[in-house]
Amino acid sequence: MIVAEQKPIAEIQTLIGDAKRVLVVGCGTCVTVCFAGGEKEAGILGSLLRMSSQMDGNAKDVSEVTVQRQCEWEYLDVIKDKVADANVVLSLGCGIGVQALAERYPNALVVPGLNTTFMGMLQEQGVWVERCAACGNCMLGLTGGICPIARCSKQLLNGPCGGSSKGKCEINSETDCAWQLIYDKLKAQNRLHLLMEINPPKDWRTSRDGGPRKIVREDLRLPAAEKA
Amino acid sequence: MSENNGFKSGSNLEKVLRAGHFAVTAELGPPKNADAETIRKKAAILKGYADAANITDNQTAIVRMSSIGAGALAVQAGLEPVVQMTCRDRNRLAMQSDLLGAYALGVRNVLCLSGDHQTFGNHPQAKNVHDIDSMQLVQMVVGLRDKNSFQCGEEIKGVNPRFFVGAVENPFGDPFDFRPYRLGKKAKAGADFVQTQLIYNVPRFREFMRRVVDLGVHEQVKILAGVGPLKTAGAAKYMRDQVAGMDVPDEVVNRMEAAGKGIEDKKEKAAAAREEGIKVCVELIEQMREIPGVAGVHIMAIEWEEAIPIITERAGLLPRPVVA
Ligand code: SF4
Ligand code: SF4
């Protein structure tokens, strides 16, 4: 899933500025699961903004709504009137949700309430970790299911580097060395031969380096007539 | 190839190693400014005491004069450089164009490494590159020379850069069992020589080399053992406790601590520690010479180039051979 965390309140207040009517839009998918922008967080942030604006003697009209998925048009249509009513829409979706809202409602001023951080998972309660960098050409089949692009600090394809020490990465003692994990996994699977081969340079065209990406599935597209 | 008399690059380091001499490389750290004089001074100190000197590439991710710029100055000063190149700061385009430039400026040895992570340096906010890794960099530099082609496969028309290609390996990095194989991979990638991380734990290095020799890797690539004089007990402790992938036994730290004990005068105390550091380094070199598969030493006297003439002299490594 996409993992995000809330921006500092001061930054959010600056983004809102002196807008009178604020609509906080939560999202019911990834950011709900990572406790950053779901219904609960939208409610808490909404009251906080309300209260602080009252204390500042400049009471704002803050309301909250949470959609099931902010990154899909159909879920955004239901909040049409609320958006039209607001001076500022504070999205608690990930960066995709913010952009979907902004694109769907070109006249609305949409600002982000979260920092979208990575694609990852919950490791233990309160701890999320990065797992994939969407390189566009998955090589997990060669690396025992452990991603060197997202999890090695240097994105090495032929690790580990000389800084790997006692299972940890050279950047700090809290970060696991991805290549130690890969080694351990392949060893346990009796597949160490995979590490004896030199992985060739990666073709980064499938990654962000190739420009913004897009997938077109002709088999799924609607005929031109139906689209209209 | 005729212009090189059968040598891959014709560098002095290649010739010395090919002739079977026990090679000596040193290190020259470029300044954190644009002063050419610093390079000339350091080169003058090292000249004649090492077969070639590594010029570091933004070591520990701190901005310094470029290794190629400093390397070209070393060439002018008559000291053969080993230009270091990390994968941290450039992509494959920049690397190859820099390599063309370096060769045109007279550089003949290149050392390929991944590079310390930028969080350690003075621009931790920087974006890192790592388009290719050190293994792939070795392949690329070898390809420029042996395949006469760029990494993309396109032919190099005209003069192609013919470097003597180096790599690094840390015998003390984890997983220990994999390190000899990783060295083997670097040989397979085409590395001509390898310099190791600083060695202070000799038994562990001996075990590493035993495995390397068992695999026959020492026959495919020349291995230079990394050694270096410690300046202070504090430096020894720092390396032991703070540097990932370093193995400094307590015994070495104790020796450095004992050296200055009882001396009141600060200057004398520091001098005693430095003397002990040099002594330890000379002893290490003597031990390295006895280890099967070791073809030379890489002496890292960081910001202490003056130590090299003393160490090489005491270790009986002088005069340096002149190979035609
Ligand atoms: S290899 Fe690429 S696609 Fe696969 S997990 Fe890593 S970044 Fe994601
Ligand atoms: S220590 Fe491991 S994870 Fe960290 S950069 Fe080196 S190989 Fe990658």
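Analysis parameters
Residues numbered from 1 in each chain as written. Chains lettered and ligands numbered in written order. Predicted model: local features only at pLDDT ≥ 70, side-chain atom pairs only at ≥ 80, totals over all residues. Heavy atoms only, no water. Helix = DSSP H or I, 4+ residues; strand = E, 2+ residues; numbered from the N terminus. Contact = heavy atoms within 4.5 Å. Areas by Shrake-Rupley, 256 points an atom, 1.4 Å probe, with all protein chains shown as cover. Rg over C-alpha atoms; globule rule 2.2 N^0.38 Å. Buried < 20%, exposed > 50% of the residue type's maximum accessible area, 1.4 Å probe, protein only. Lys, Arg positive; Asp, Glu negative; His and termini not counted. Charge placed at Lys NZ, Arg CZ, Asp CG, Glu CD. 1 Å grid on protein atoms, 1.4 Å probe; cavity = no way out; pocket = protein on both sides within 12 Å on 5 of 7 lines; lining within 4 Å. Points joined across faces, edges and corners; volume = space filled by probe spheres on them. Nonpolar A, V, L, I, M, F, W, Y, C, P; charged D, E, K, R; others polar. Near = heavy atom within 4 Å. Buried area = accessible area lost by both parts, 1.4 Å probe. Salt bridge = Lys/Arg side-chain N within 4 Å of Asp/Glu carboxyl O. Polar contact = N/O pair within 3.5 Å; in protein donor to acceptor, adjacent residues only side chain to side chain. Pairing = 2+ DSSP bridges. Axes fitted to C-alpha atoms, helices over the stretch in contact; angles between N-to-C directions. Phe/Tyr/Trp six-rings, centres within 6.5 Å; stacked < 30°, edge-to-face > 60°. Core = buried A, V, L, I, M, F, W, Y, C linked by side-chain atoms within 4.5 Å. pLDDT = per-residue confidence, 0-100. Disulfide = S-S within 2.5 Å.

Visitor: Describe in detail the overall build of chain B, supporting the description with residues and values.
Guide: Along its length, chain B carries eleven helices and eight strands. Each of the three principal axes of chain B carries a C-alpha extent, and together these read 65 × 45 × 45 Å. Excluding contacts between residues fewer than 6 apart, the proportion of contacts in chain B whose partners are at least 24 apart in sequence is 78%. When the accessible surface of chain B is summed, it comes to about 13,400 Å², and 51% of that surface belongs to carbon and sulfur atoms.

Visitor: Explain the overall build of chain A to me, using residue names and the numbers behind them.
Guide: Each helix and strand counted, chain A has ten helices and seven strands in total. Relative to a compact globule of 228 residues, whose C-alpha radius of gyration would be 17 Å, chain A shows 22 Å and is clearly more extended. Considering only C-alpha atoms, chain A reaches an extent of 65 × 55 × 25 Å along its principal axes. A buried classification covers 40% of the 228 residues belonging to chain A. Within chain A, counting contacts between residues at least 6 apart in sequence, those at least 24 apart form 58% of the total. The positive charge centre, built from 26 side chains, and the negative charge centre, built from 26, are 4 Å apart in chain A.

Visitor: Describe the layout of surface pockets, listing the residues and the values that go with them.
Guide: Of the volumes computed, that of the second largest pocket is approximately 680 Å³. Lining the second largest pocket we find 24 residues, and of these Q155(A), W204(A), K127(B), N128(B) and V129(B) sit closest to its centre. Of all the secondary-structure elements, those providing two or more residues to the lining of the second largest pocket are α7 (148-151) of chain A together with α4 (92-104) of chain B. Taken together, the residues of the lining of the second largest pocket break down into nine nonpolar, seven polar and eight charged.

Visitor: Explain the site of ligand 2 residue by residue, including any values.
Guide: For ligand 2, the set of nearby residues contains 13 residues, the closest of which are C152(A), C161(A), C169(A), C177(A) and A178(A). Per-class residue counts for the shell around ligand 2 are eight nonpolar, three polar and two charged.

Visitor: Residues and numbers for the interface of chain B and chain A, please.
Guide: One frequently used descriptor of interface size is the decrease in accessible area upon assembly of the parts. Opposite the 31 residues of chain B that make contact, chain A presents 29 residues. Between chain B and chain A, a total of about 2,500 Å² is buried, with carbon and sulfur atoms accounting for 53% of that surface. Considering only the surface of chain B that becomes buried against chain A, D174(B), F178(B) and K185(B) emerge as the three largest contributors, covering 21% of it. Close ionic contact of E197(A) with K188(B) constitutes a salt bridge, the shortest N to O distance being 3.9 Å. On inspection of chain B and its partner chain A, the count reaches 19 residue pairs in polar contact (both at pLDDT 80 or more). Looking at the side of chain B that touches chain A, the elements with two or more residues in it are α5 (134-147) and α6 (179-189) of chain B. Split into classes, the residues belonging to the side of chain B that touches chain A amount to nine nonpolar, twelve polar and ten charged.

Visitor: Describe the sheet that holds strand β2 (residues 52-55) of chain B, listing the residues and the values that go with them.
Guide: Residue and element names in this part refer to chain B. Within the closed barrel, the eight strands sit side by side as β1-β2-β3-β4-β5-β6-β7-β8. Their pairing is parallel. On average, adjacent strands in this sheet sit at an angle of 30 degrees to one another, irrespective of strand direction. Strand direction decides the pairing type here: strand β1 (residues 23-28) and strand β8 (residues 294-299), joined by three bridges, are parallel. Across the sheet, residue V24 finds its bridge partner in β8, namely V297. Packed on one face of the sheet, helix α2 (residues 36-46) meets β1 and β2 and runs near 160 degrees to β1. Helix-sheet contacts for helix α3 (residues 67-76) involve β2 and β3 (81-86), and the interaxial angle to β3 is about 175 degrees.

Visitor: I'd like to hear about the packing of aromatic side chains, residue by residue, with values.
Guide: Residue and element names in this part refer to chain B. Summed over all chains, the structure comprises five aromatic pairs over all chains. Taken together, a centroid distance of 5.3 Å and an interplanar angle of 20 degrees make the contact between F164 and F193 stacked. Here F164, found in strand β5 (residues 164-169), pairs with F193, found in strand β6 (residues 193-198); they are 29 residues apart in sequence, far enough to count as distant. Residue classification places F164 among the buried positions, given a relative accessible area of 5%.

Visitor: Residue-level account of the side chain of D51(B), with values.
Guide: All names here are of chain B. Secondary-structure assignment places D51 in the loop between α2 and β2. A distance of 2.8 Å separates polar atoms of two side chains, one belonging to D51 and the other to R320. Not counting the four nearest positions on each side in its chain, D51 is found in contact with N12, L13, V16, A23, V24, E80, R320 and P321.

Visitor: I'd like to hear about the nonpolar core, residue by residue, with values.
Guide: In terms of nonpolar packing, the biggest core is built from 89 residues, with F205(B), M288(B) and V297(B) touching the most fellow members. If one sorts the elements of this core by residue count, helix α10 (residues 266-290) of chain B sits on top with eight residues. Leaving out residues up to four positions away in the same chain, F205(B) has contacts with P171(B), F172(B), T196(B), I199(B), A225(B), M288(B), I291(B) and V294(B). In terms of nonpolar packing, the next biggest core, distinct from the first, is built from 21 residues, A4(A), V22(A), V31(A) and C34(A) among them.

Visitor: Quick one: what's the story with empty space enclosed by the protein, residue by residue and with numbers?
Guide: Residues and elements named next belong to chain A. Taken as a whole and assessed by the stated rule, the structure comprises one cavity of 30 Å³ or more. Along the wall of the largest cavity there are 14 residues; nearest its centre are C152, S153, C161, C169 and C177. Of the residues in the lining of the largest cavity, the class split is eight nonpolar, two polar and four charged.

Visitor: Give me the lowdown on unusual backbone geometry, citing residues and values where you can.
Guide: Excluding glycine, most residues fall at negative phi; most peptide bonds, likewise, are trans. The step from G159(A) to P160(A) runs through a cis peptide bond, and the omega angle for that step is 0 degrees. For P160(A), the position within the fold is in the loop between α7 and α8 (178-188). Non-glycine residue K166(A) carries a positive phi angle of around 50 degrees. The backbone of H130(B) shows a phi angle near 50 degrees, a positive value even though the residue is not glycine. Among the secondary structure elements, H130(B) is positioned in the loop between β4 (109-113) and α5.

Visitor: Quick one: what's the story with the site of ligand 1, residue by residue and with numbers?
Guide: Around ligand 1, the structure places C132(A), A133(A), A134(A), C135(A), C138(A), M139(A), L140(A), C147(A) and I149(A). Class assignment for the residues of the shell around ligand 1 results in nine nonpolar, no polar and no charged.

Visitor: How would you explain the confidence of the model for chain B if you had to name every residue and give the values?
Guide: On average, residues of chain B score 96 in pLDDT, and 99% of them reach the 70 mark or higher. Scored as a complex, the prediction yields pTM 0.95 and ipTM 0.94.

Visitor: Describe the state of the cysteines, and please don't skip the residues or the numbers.
Guide: Such a bond, covalent and formed between the sulfur atoms of two cysteines, is termed a disulfide. Considering all chains together, one arrives at zero disulfides over all chains under this definition. With no disulfide of its own, C152(B) lies closest to C87(B) among cysteine sulfurs, the gap being 17 Å.

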